[in-house]
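Structural characterization, general
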Amino acid sequence: MAKVTLTVNGRSVSGECEDRTLLVHFIREKLGLTGTHIGCDTTQCGTCVVHMDGKSVKSCSILAVQASGSTITTIEGLASNGEMHPVQAAFKEHHGLQCGFCTPGMVMTAVDMISRHGGNLDEATVRHELEGNICRCTGYHNIVKAVLSANAEMHGGRQAAE
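We now turn to the structure provided with this report. Everything numeric here is computed off the predicted structure, so don't read it as measured data. (Residues numbered from 1 in each chain as written. Predicted model: local features only at pLDDT ≥ 70, side-chain atom pairs only at ≥ 80, totals over all residues. Heavy atoms only, no water.)

Here we look at the side chain of K58
Mapped onto the elements of the fold, K58 is located in strand 4 (residues 55-58). Despite its burial, K58 remains without a salt bridge, the nearest opposite charge being carried by E131 at 9.9 Å. In terms of polar contacts, K58 uses its side chain to reach the backbone carbonyl oxygen of T43, at 2.8 Å. A polar contact of 3.0 Å, which involves the side chain of K58, links it to the backbone oxygen of G132. Every residue in contact with K58, bar those within four places of it in the chain, is listed here: T43, Q44, G46, C48, V49 and G132. (Helix = DSSP H or I, 4+ residues; strand = E, 2+ residues; numbered from the N terminus. Buried < 20%, exposed > 50% of the residue type's maximum accessible area, 1.4 Å probe, protein only. Lys, Arg positive; Asp, Glu negative; His and termini not counted. Salt bridge = Lys/Arg side-chain N within 4 Å of Asp/Glu carboxyl O. Polar contact = N/O pair within 3.5 Å; in protein donor to acceptor, adjacent residues only side chain to side chain. Contact = heavy atoms within 4.5 Å.)

Side note on the pattern of salt bridges
Under the criterion given, the structure shown has four salt bridges. Among the salt bridges present, the one from R20 reaches E18, with a minimum N-O distance of 2.7 Å. Between R127 and E123 there is a salt bridge, and its shortest N-O distance comes to 3.0 Å. Placement of the pair is R127 and E123 together in helix 5 (residues 123-129), with a separation of four residues, close to one helical turn. Under the relative-accessibility criterion, R127 is labelled partly exposed at 33%. Residue classification places E123 among the partly exposed residues on the basis of a relative accessible area of 32%.

Side note on helix 1 (residues 23-30)
Spacing of three or four residues puts side chains on the same side of an α-helix, whose turn is 3.6 residues. Within helix 1, the full set of buried residues consists of L23, V24, F26 and I27. Projected down its long axis, helix 1 shows its buried positions confined to an angular sector of 165 degrees, all on one face. For helix 1, the elements touching its buried residues are strand 1 (2-8), strand 2 (11-17), strand 3 (49-52), helix 2 (64-67) and strand 5 (71-73). Positive phi shows up at G32, right after helix 1, with a value of about 70 degrees. (Arc of directions from axis to C-beta.)

Examining the pairing of strand 2
Two elements, strand 1 and strand 2, share seven bridges in a ladder whose sense is antiparallel. Within strand 2, the residue paired with T5 across the bridge is S14. Counting the residues in the hairpin turn of strand 1 and strand 2 gives two residues, including N9, whose phi is positive at 50 degrees. (Pairing = 2+ DSSP bridges.)

Concerning the pairing of strand 1
Burial of the side chains of strand 1 is restricted to one face: A2, V4, L6 and V8 are buried, whereas none of K3, T5 and T7 on the reverse face is. Bridge count for strand 1 against strand 5 is two bridges, and the pairing is parallel. Note on strand 5: the bridge partner recorded for V8 is I72.

Rendered as structure tokens:
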């Protein structure tokens, strides 16, 4: 058994797990944060995306022991003072979800994408960067629209998909 110590959503946490425990399982089973979903365990679907040290990662591709010492943000850590993060609000406003299974990973990917591009996003870039996130319910149009809307709100621009 290995001891894993992380800062998750601003809180210092630790726990023991087998060396082979994936970060996604540690987050869900040891910490009880079930907003991070398990879809494929092969890095194909993107439902398990979290931020590790400020960058989006697929938590099914990282062992919990590898993440020890890192700062992790999950979907539960985005809201602030009871207010949804602008990306969460945009997904709600623009109907960027249907069943909701992929939504946490999509939102976490979008937050990272918007941060990295500093407001310079267009539809083609959003679609390209969402390729690692699979949604089986939508045609991605409203997801892209939500990401561009959140980008505009967060950076004062007016970009949006029609």
